[in-house]
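Report on the structure
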Amino acid sequence: MTRSPATLLLARHGQTVWHAENRYAGVSDITLTDEGRRQARRLAEWAARSEVDAVWTSTVSRAIETARPACEALGLAPRREHELRECDFGEVEGRTLAEFAAEHPRRAQEYRADPVAHPFPGAEDPRAAAARGSSALRRIADAHPGQRVLVVAHNTLLRLVLCELLSIPLGSYRRVFPQLRNAAVSEVRIGEAGGALLSLNVPCAPDTPTAPAAPAVPGVSP
C-alpha cells in the first residue's frame, strides 16, 4: 500500500546574538536575542492556525528555544533529532567570512566558488551533513504519513538538505538558496517518490524581520 506523503514545515531558528556580525554559528551554543524570541512567538502564532500535527527540533538550544512557544500553543511535546544539528564550521566557527578571507584569501575564494568541494579547515564535510540531515527528514516523514510536521533546525544544514532532497548539486547551495530567514517557513512534501518544494521562506507575519545579508557576498548567508 502506498504511504501518504508527509508535509514538513522547515523553519530556521530565531535570530541569535551572532547575527548582527554574520558570524558562523554551528556547534556553538548561541542564545537567541530578544528579536529571536519575538520571532519564535510569531512562529507559534502561525503554527496554531496551520494544522500542525507534530514538532521536531535539532538538539541545539537555539532551535529548541525557537520551537518551545509553538509546542505550548499546539499542546504538543517536542521531539528532538540530533542529526538535524547545524554543520560544524571548523576554524571559522564564531568568525565571519570576511575575517577568514583576510587571513586566507585563496581559500576563501575557493569556498565562495564551491563550499562543498572546499569547506573551511576542520569543518564537517558538507556532503556528510547533507546525508545525515536528509536521512533525518525522511525518517520524520516516514513517522508522520499524511501529517504536517514543523521542523526547527538551521540555515546551512537545511539548505544542504533541500539540495539533497531536490537533486540540486550540493556545491550550489549558497547560490540556489541564498538565505533561509529566521523563523520563516519552507514547505516540503516527502513521500515514496521523493521530495517536492512547495514554498520557500514564507514569513510568519508580514513584519517578520530578515537576518542581515553576508557582507562578503551580497545577499548570500554563510
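Residues numbered from 1 in each chain as written. Predicted model: local features only at pLDDT ≥ 70, side-chain atom pairs only at ≥ 80, totals over all residues. Heavy atoms only, no water.

**Considerations on the packing of aromatic side chains**
What counts is decided by this rule: In this scheme Phe, Tyr and Trp rings, the latter by its six-membered ring, pair at centre separations within 6.5 Å, and the angle between planes marks the pair as stacked below 30 degrees, edge-to-face above 60, and tilted otherwise. Under the DSSP-based scheme used, a helix requires at least four consecutive residues in state H or I and a strand at least two consecutive residues in state E, with every element numbered from the N terminus. Relative accessibility decides the category of a residue: with a 1.4 Å probe and only protein chains considered, values under 20% of the type maximum give buried, values over 50% give exposed, and everything between is partly exposed.
Per the counting criterion, the structure on display carries four aromatic pairs. Considering the side-chain rings of Tyr24 and Phe120, the 5.1 Å spacing of their centres and the 80° angle between planes classify their relative orientation as edge-to-face. Residue Tyr24 is found in the loop between strand E1 (6–12) and helix H1 (34–48), and its partner Phe120 is found in the loop between helix H4 (105–113) and helix H5 (126–143); the two are separated by 96 residues along the sequence. Taking 4.1 Å as the distance between ring centres and 20° as the angle between the ring planes, the aromatic pair formed by Tyr111 and Phe120 counts as stacked. Phe120 gets classed as buried once you look at its relative accessible area, which sits at 4%. An aromatic cluster of three or more residues is present, and its members are Tyr24, Phe89, Phe100, Tyr111 and Phe120.

**Topic: empty space enclosed by the protein**
Stated formally: Points on a 1 Å grid over protein atoms alone make up a cavity when a 1.4 Å probe fits among them but cannot get out, and a pocket when they form an open set with protein on both sides within 12 Å along at least five of seven lines; lining residues each have an atom within 4 Å of a point. Grid points are joined across faces, edges and corners, and a volume is the space filled by probe spheres set on the points. Polarity classes work like this: nonpolar for Ala, Val, Leu, Ile, Met, Phe, Trp, Tyr, Cys and Pro, charged for Asp, Glu, Lys and Arg, and polar for all others, with Gly in that last group.
This structure, assessed with the given rule, holds four cavities of 30 Å³ or more. In this structure, the largest cavity occupies an estimated 180 Å³ of space. In this structure, the largest cavity is lined by 15 residues; those nearest its centre are Arg12, His19, Arg23, Tyr24 and Ala25. Broken down by class, the residue content of the lining of the largest cavity amounts to five nonpolar, six polar and four charged.

**Focus on the confidence of the model for the protein chain**
The test is simple: The pLDDT value expresses, per residue, how confident the predictor is, ranging between 0 and 100. What makes two residues a contact is simply this: any of their non-hydrogen atoms within 4.5 Å.
Averaged over every residue, the pLDDT of the protein chain is 92; the share at 70 or more is 92%. pLDDT under 50 marks residues 208–219. Its contacts with residues more than four places away, or in other chains, come to 29 contacts.

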